[in-house]
Amino acid sequence: MAEKLWESFGLLRNEGVSALEYLNQLTYLIFLKRGHELAYDGIVSDLALQPLSDAWQSLLAKDGQALKEAYDHILRTFASQEDLIGDIFRSAYNPIQDPDKLKKLIVDVSGLGSEQVGNKESSEKVYKSLLALAVDDDRSGLGQYYTPQAVIRAMVACAQPGPDDIIYDPACGTGGLLLAARDHILRHHRNDMTAEQRTQLDGSRIFGTELVSGASLLAKMNLILHGMDSGNIDRLVEDRDALLERSHLNPNIILANPPFGRGPRTTPIAGFRVPTGNRELNYLQYIASTLGIPGKAAVIVSDNLLFAGGAAHKIRRQILKELDVHTLLRLPSGVFYSTAVRANILFFDKKEDRLQAPQTSMLWVYDFRTDKHFSYTRNHLTLEDLDDFVMCYRPGESRANRVETERFKSFSYEELMDRDQVNMDITWLKDSSRKRSSSALAPDVIAREIVEDLTVALDGFSVIANLLTKQDPSV
């Protein structure tokens, strides 16, 4: 069904409707339909969504120009409300000028979940698929807020969230990590959860912040469409810059894919011991200071964070000493929508202070980069691709049970500290494609590597420029 709905986008694209505009219309319509379903659910009734049911029924009853006028009126009416519905529809407008195409879209959305038993496809599943399809469209602008499902599943599988955990994402984008954590808890603990645990799961134990309003809107819609109580959504997904205000909760699990590189100049909250204008470094410091004790985190970081000098070098020393940084997954190019920076997943725990002893004893590095080439648009990373890493990680087991393999090696704290500037950009395998010639690599892979090299060089120049500015204020 998701592919069928997305095919309709081809007709509207020719009329100037962008992928993001089309996704927004699908989002609004699925939301209206979901409101109708909840209003007539014999088990759960969400009265806050009752107006959506009335609106949905009025759209089903109309055709032609009357339908378009009714839809435009509904969007304007909800946008004017001072509540969660108003927040969701605040910037809503209808770019679909052809009433017949609008009617077809409404009919298609109406058919979601109404297939014969055994072949039922829920609105939630279709919405997730549509979101992924929209990210593939360069013009949607959603890629930078979307973490691929294979990466999300690996992070959550290793973190193993439970019903009593408080889970936080300080840069939640469209909410993928939060929903995957919730799904993991329900999948593994649904039958042994108490009523109180279930209520708290959707009321206070999973939350995030997102600076970009458009991504925050999609995150809220995503949570509601996956069954979370609409009355809590505004509190669970906050529209703000996480770096400017410490979380009021004390999460013991943080899952995050924070933005890389430098961003708008802001004044971060007090407590960052290493001052820097690099938002990725500030997010890592924020996560380290916000995480509860005991706590565990899985954070996507760039290569630059692993080897750059200056503030990055100081922060590496700091986290290795004060946190148990135990696992690093090296990801290949082409996994994420943005190909300008290579990425990794850094796993660490926060424990009680061991006085002068460093918290990190051993860093395990999994090289999933050498001889691995993916393309976000043509050769997606799949869930199965990371199965071996998760197996080597041994979630829930003592790390003493880990075994080295060709791609999985361990490095002691002393070995890391002896490396030049505590460089954690560790490789030991040789890429067979490089043994032949650079022409053996696909052009898009070569182009990505050139961009990555330039990105690293520019960041290095930025560090030097900052040092020069400090030494000579007239510069």
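Before reading further, recall that the structure is shown in the block above.
One structure accompanies this document, and this report is about it. Note that the structure is predicted; figures quoted are calculated from it, not measured.

What to know about the environment of D87
- Relative to the helices and strands, D87 is located in helix α5 (residues 84–88).
- For D87, a relative accessible area of 35% puts it in the partly exposed group.
- When the C-alpha positions of D87 and K220 are compared, they lie 9.8 Å apart, and in sequence the two are 133 residues distant.

Overview of the sheet that holds strand β7 (residues 343–350)
- Within the open sheet, the nine strands sit side by side as β3-β2-β1-β4-β5-β7-β6-β8-β9. Their pairing is mixed. Every interior strand has two partners, whereas the edge strands, β3 (237–239) and β9 (408–412), have only one. Averaged over neighbouring strand pairs, the angle between their axes works out to 20° when direction is ignored.
- Bridging between strand β5 (residues 295–302) and β7 involves eight bridges; their strand directions are antiparallel. Pairing of A298 across the sheet is with F347, part of β7.

What to know about unusual backbone geometry
- The omega torsion of the bond from I293 to P294 falls at -5°, within 30 degrees of zero and hence cis.
- With respect to the helices and strands, P294 occurs in the loop between α13 (279–290) and β5.
- In the Ramachandran plot, D371 falls in the positive-phi region, its phi being about 65° despite a non-glycine side chain.
- Here D371 is to be found in the loop between β8 (362–367) and α16 (387–393).
- Looking at D371, the relative accessible area reads 36%, which means it is partly exposed.
- For V422, which is not glycine, the phi dihedral falls at a positive 50°.
- Tracing the sequence through the fold places V422 in the loop between α17 (413–418) and α18 (432–436).

Digging into helix α15 (residues 311–322)
- With twelve residues, α15 should cover 16 Å at 1.5 Å per step; its first-to-last C-alpha distance of 16 Å lies within 8% of that length.
- Where α15 is concerned, the buried positions are A311, A312, H313, I315, R316, Q318, I319 and L320.
- If you follow the buried residues of α15, they end up packed against α13, α14 (303–307), β6 (324–330), β7 and α17.

Section: helix α8 (residues 149–159)
- Most of α8 sits inside the fold, with eight of its eleven residues counted as buried.
- Among the residues of α8, A150, V151, I152, A154, M155, V156, C158 and A159 are the ones counted as buried.
- The inward-facing, buried residues of α8 contact α9 (176–189), β4 (253–256), β5, β7 and α16.

With respect to the pattern of salt bridges
- As enumerated under the stated definition, the model contains 15 salt bridges in all.
- Salt-bridge contacts for K351 lead to D324; the nearest nitrogen and oxygen are separated by 2.9 Å. Here D324 lies in strand β6 and K351 lies in the loop between β7 and β8, a separation of 27 residues in the sequence.
- For D324, a relative accessible area of 1% gives the class buried.
- Each of D303, R330, R369 and D425 takes part in a single network of salt bridges with overlapping partners.

A few points about the pairing of β8
- With respect to burial, β8 is a largely interior element, five of its six residues being buried.
- Across four bridges, β6 lies against β8 in parallel orientation. What sits directly across from R330, in β8, is D367.
- Two elements, β8 and β9, share five bridges in a ladder whose sense is antiparallel. Bridging from a neighbouring strand, W364 pairs with S410 of β9.

Procedures and definitions
Residues numbered from 1 in each chain as written. Predicted model: local features only at pLDDT ≥ 70, side-chain atom pairs only at ≥ 80, totals over all residues. Heavy atoms only, no water. Helix = DSSP H or I, 4+ residues; strand = E, 2+ residues; numbered from the N terminus. Buried < 20%, exposed > 50% of the residue type's maximum accessible area, 1.4 Å probe, protein only. Pairing = 2+ DSSP bridges. Axes fitted to C-alpha atoms, helices over the stretch in contact; angles between N-to-C directions. Expected span 1.5 Å × (residues − 1). Contact = heavy atoms within 4.5 Å. Salt bridge = Lys/Arg side-chain N within 4 Å of Asp/Glu carboxyl O.

No statement about biological role is implied by the geometric values presented.
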